[in-house]
Structure formats: C-alpha cells, structure tokens
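Residues per chain, in single letters:
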Amino acid sequence: MVKRTIKNVAAAPPVALVTGGNVGIGRAIAVALGQAGYEVLVNYRRRKQPADLTVRQIREAGGRAVTVRADVSQPADVQRLFAHLAADYGKLDVLVNNVGDYLRKEFNRLTPADVRRMTESNYYSVVECSLRAAQLMRKRKNGRIINIGYVYAERLQANPRVAAYHCAKQAMITFSLSLAKDLARHKITVNVVSPGINVNSVEKPKTLKTEIPFGRLGRHEDIINAMLFLLRPESEYITGTHLKVSGGHGL
Ligand SMILES: NC(=O)c1ccc[n+]([C@@H]2O[C@H](COP(=O)([O-])OP(=O)(O)OC[C@H]3O[C@@H](n4cnc5c(N)ncnc54)[C@H](OP(=O)(O)O)[C@@H]3O)[C@@H](O)[C@H]2O)c1
C-alpha cells in the first residue's frame, strides 16, 4: 500500500472504519458507507470470508474497501490496527463501533469470565478504538464516532438473564456521552445509535405487536438511515445523543 503525503491525505476520499463489519448490521453499515464515498476498512475477528464478501459488495458498487483483522477487545490488536491506519491512510473520518457480543444466560450459570467477555466486547472495545480514533481525528479537527448500543441498555432495570450485556452497553453509553462532551471542542462528534430487535437478532419476539409497537422487526436500513443522518455535514452540531431506532421497542 502506498503511503500518503499530508497533501494527499487531505485530497484522498474520507476514510471509515467499521468494527465487526463482516456480517449483520456491521456489513450493512460498511456497504452504505462505501456507497456514500468512504474508503472503508472492514474489520473482522475470525471469519475473513464474510469480510471479503462485504469488500466485494462495496467494490462491485464502485466503492473502495479492504479487510482488516483485529480483535478490537484486545488492546494490542487495536494498537496494531490504528498504527496501520495512521501509516497507510493518515486519517480517520468516521469510526463505527459496531462490535458488541450478546449473551443470555441464567444468573446461576453466569461466570465472572462471561461478564468480563461482555464488558471487553461491548465496552472496552469502544474505549480502545474511540480513544485511538480521537488521536487521529483531533489533528484534523474533524471526525464522527458512532457507537452501536441497545435501546433497553439506557434504562436502569433488573434483567438477570441479560445483565452482563446490559451493564456493558450501559457503561458504553455513559462513556460515549462523556467523550462527546470532551471532543466537541475539536469538532468531533460522538453519538450512540441503538437498535431494538433487528431482523438478524438471535432473539425472536414471541408477540411482535406487544414487544415492538411498530409491528415489525428492525431492518438494517433503519440503522443506516440514522447513521447517514448523523454523518451529514449539517449534523455537525449533533453530539452526545442516544438515537433509538427500535420501532418503539424499549419504551
Ligand atoms: N442484531 C440485533 O438485533 C441487535 C439488537 C440490538 C443491538 N445490537 C447491536 O448491534 C451490533 C451488531 O450486532 P449484530 O447482531 O449485527 O452483530 P453480530 O452478528 O453479533 O457480530 C458481528 C461481527 O462482529 C465481529 N466481532 C465480534 N467481536 C469482535 C471483536 N472483538 N473484534 C472484531 N470483530 C468482532 C464478529 O466477527 P468474527 O465472526 O470474525 O468473530 C461478528 O461476525 C452489536 O453491537 C449489537 O450488540 C444488535
């Protein structure tokens, strides 16, 4: 890969990194960013084949994309990923922290290792990537960070079977708001977009109408719409929001 000079960097297409962009919501986000003119880094952890498919979809539509392997819950991997980004691209315009494993488990079977894994996946990964992204974005006084949450996580509530997941997402949301406040002076925005139950969810609602007032599962396009809205130049003043894209689920 050719290293870019500072002059080149400014003229090059905007760069976006999507964590967990190999499947599901992450893939849909990556493809939408490719269509919107971003050069997309499609991150994956283990499964390269679906990441290659995401890249192929973007390229076939005329966009630019590459795969990047990194377990974003591991600091050493994140350091390597951002070192590569800084050396080969010299900038990052958009970071979408999409990674966030889910766990439903009875409390009597839940282990501290489960809680640690959920926290690393849903919270620490966002901390690691956002702080490193902010270093790159600050230099150019420009950047958008979008973190994928979960609607219910905003609420303080007892929900034993999914407590580890909820707590980690809750921490992530609180962290995002604080980061938004700090980075506003650098013209970097940080927002959370939260799905409810999407088409690819492992949880299938028993009664659709009562669980999702809108009467249907969330679609990837619903999330993409919200994201593209937050990326519009006119949205530069919107930061520290928690945008729920859930058809009323979680209200
Ligand atoms: N789907 C829903 O209905 C729903 C609802 C509410 C919230 N959400 C949130 O939306 C986001 C996306 O959910 P999803 O269901 O579309 O995703 P997903 O299918 O659970 O996972 C997407 C990809 O993330 C990658 N990944 C996981 N941990 C990683 C790590 N540490 N480093 C790098 N890549 C990692 C995995 O790649 P490998 O296969 O390579 O390991 C996986 O293929 C998550 O934050 C989730 O909590 C989803």
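Above this text you will find the structure in question.
Residues numbered from 1 in each chain as written. Predicted model: local features only at pLDDT ≥ 70, side-chain atom pairs only at ≥ 80, totals over all residues. Heavy atoms only, no water.

(A) Highlighting the pairing of strand E2 (residues 39–44). For E2, a buried count of 6 out of 6 residues is recorded, marking the element as mostly surrounded by other parts of the structure. Burial along E2 is two-sided: Glu39, Leu41 and Asn43 and Val40, Val42 and Tyr44, pointing in opposite directions, are all buried. Where strand E1 (residues 15–18) meets E2, 4 bridges bridge the pair, whose relative direction is parallel. Bridge assignment links valine 15 to a residue of E2, and that residue is glutamate 39. Following the chain from E1 across helix H2 (residues 24–35) to the adjacent parallel E2, one finds a crossover that is right-handed. Pairing between E2 and strand E3 (residues 64–69): 6 bridges, direction parallel. Residue valine 42 lies in a different strand from E3, and its bridge partner there is threonine 67. Between the parallel pair E2 and E3, the chain is carried across by helix H3 (residues 48–60), and the sense of this crossover is right-handed. (Buried < 20%, exposed > 50% of the residue type's maximum accessible area, 1.4 Å probe, protein only. Helix = DSSP H or I, 4+ residues; strand = E, 2+ residues; numbered from the N terminus. Pairing = 2+ DSSP bridges. Right-handed = clockwise from strand over helix to strand, strands pointing away.)

(B) Layout of the site of the ligand. As a matter of local geometry, the ligand sits amid 29 residues, with Arg46, Arg47, Asp71, Asn98 and Tyr165 nearest to it. Here an oxygen atom of the ligand sits 2.6 Å away from a polar atom, N or O, in the side chain of arginine 47. The contact in question runs from a nitrogen atom of the ligand to an N or O atom on the backbone of alanine 70, over 3.4 Å. Out of a free accessible area of 900 Å², the ligand has 89% covered by protein chains. The pocket occupied by the ligand, as judged from atoms lying within 2 Å of grid points, is the largest pocket. Every element with two or more residues in the shell around the ligand is listed here: H2, E2 and helix H6 (163–183). Of the residues belonging to the shell around the ligand, the class tally is 11 nonpolar, 12 polar and 6 charged. (Near = heavy atom within 4 Å. Polar contact = N/O pair within 3.5 Å; in protein donor to acceptor, adjacent residues only side chain to side chain. Areas by Shrake-Rupley, 256 points an atom, 1.4 Å probe, with all protein chains shown as cover. 1 Å grid on protein atoms, 1.4 Å probe; cavity = no way out; pocket = protein on both sides within 12 Å on 5 of 7 lines; lining within 4 Å. Sits in = over half its atoms within 2 Å of the grid points. Nonpolar A, V, L, I, M, F, W, Y, C, P; charged D, E, K, R; others polar.)

None of the figures reported here should be taken as evidence of function without further support.
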